[in-house]
Every structure is written in structure tokens, then in C-alpha cells.
Amino acid sequence: NCKFTNITATFCPPCVIGQPCPPCTPSPGIAIWAVGNPISPKPGSTLFESLTVGGPTNVEKNTFVNCHRAVLIEKNSNFKIENNQFTNVKPTTPFISSEVIKVQNTINNAARITNNVFQNYHTGILLQDVRSAQQISPIQIDINKLNNGKAGIRAEYSTKPPSTSQSVLEIKTNTITG
């Protein structure tokens, strides 16, 4: 039951030789940044890192307020993000992308984003180059409520493993309102 509020990072623009450096300014930051195993595991491997954010009960619920990105998962990781509240997770300038949950460049055996509430966000969930390592284990995004955002769920380059007809990505029973 963690509360992540007003997460910031410091942005320092580059200096120009012979001129004073511009001032550094605080900017929204990332609440949880998880980097898994850099080696691509083979199906059935146990070389996967695991991340759990939240859980099925209110005692395990996390709250994220005013951050650039709540959860960033990179590389090969199993993950479950369940029963969390995300509010005001969006960029401070129109030129910076901001996702509440971003998963990128990963192969996993188990992945689920379920029963979360997103309120006032730019992009709710973004999957970039995410693959399931097992034919029987799709990546599941279900029972989430996404309210007042620009883009609810986005998947880019998410593919299924070779020689299988099973869907790798299951998106079902989500509520998305503008």
C-alpha cells in the first residue's frame, strides 16, 4: 500500500561552450522503473525477472499521483500490475510522451495488467515490442477503468511467437471513457 506522489526528476539542458549553463528544472519523473534480464530467455526458461505492483486486496493497492510515468518495465520480465489507482499521470509539455504504464522490449512467460483505475492521463498503457514466450500464456489487459485520457491502450510491434495460432495479447473487459 504505497503512495507515489509528485514524483520528479531534474532536467538539465546541455551547456554551450563559452556561455553560462542554463538552469536545471524539475520535471515529472518515473515512480517505478524495472529492468529485467538483458538476455532473451528461451521458452520455458526460468531466467525471467518478476515484478508485482499492487495485489488483489485493498491492503496491496498503490496510489500514483502527479508523475510523468507510473511504471516502466524494460527487458525480459514477468509482471503483474493489479488494483492500483493512477491519477494525473501525464506530460507537462505537449512534446513529451507520457504513459501511465509502459512495457518495452520484453519477452515474458506471465504478464497481466488488471483491475486498475486510471484518471486524467495522456496514454494509459503502451506495449512496445512485447512478446509472450509461451503459446499458452497471453499478455492480458483486463478489467481496467481508464477515464479522461487521450489514448487508452496502445500496442506497437506486439507479436505472437513463431508457429502458433494463439493470440499473444488479450485485451478484454476494460472501460475507456474520454
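Relevant structure appears above.
Summary of the structure given here. (Residues numbered from 1 in each chain as written. Predicted model: local features only at pLDDT ≥ 70, side-chain atom pairs only at ≥ 80, totals over all residues. Heavy atoms only, no water.)

**Some words on the overall build of the protein chain**
This is how it is decided: For helices the rule is a DSSP run of H or I covering at least 4 residues; for strands it is a run of E covering at least 2, with both sets numbered from the N terminus onward. Burial here depends on accessible area, computed with a 1.4 Å probe over protein chains only, as a share of the maximum for the residue type. Under 20% is buried, over 50% is exposed, and the range in between is partly exposed. Each accessible area value is a Shrake-Rupley result obtained with a 1.4 Å probe; residue values ignore everything except the protein chains displayed when judging cover.
In terms of regular secondary structure, the protein chain is built from 0 helices and 16 strands. Burial status across the protein chain gives 41% buried among its 178 residues. A total accessible area of about 9500 Å² is found for the protein chain, and carbon and sulfur atoms account for 55% of it.

**Regarding the state of the cysteines**
A covalent bond bridging the sulfur atoms of two cysteines is what the word disulfide describes. Note the cut-off: Disulfide: a pair of cysteine sulfur atoms within 2.5 Å of each other.
Applying the stated criterion across every chain, the model contains 1 disulfide. Residue pairing for Cys15: its cysteine sulfur links by disulfide to Cys21, the two sulfurs lying 1.8 Å apart. Between Cys15 and Cys21 the disulfide shows an S-S torsion of about 120°. By sign, it is right-handed. Accessibility expressed as a relative area gives 47% for Cys21, which makes it partly exposed.

**With respect to the pattern of salt bridges**
If the charged atoms of two oppositely charged side chains come close together, the side chains can form a pair. Keep this limit in mind: Salt bridges are defined as contacts in which a side-chain nitrogen from Lys or Arg sits within 4 Å of a carboxyl oxygen from Asp or Glu.
Scanning the model with the defined rule gives 5 salt bridges in all. Note that Arg154 and Glu156 form a salt bridge whose closest N and O atoms lie 2.2 Å from each other. Here Arg154 falls in the partly exposed class, since its relative accessible area comes to 34%.

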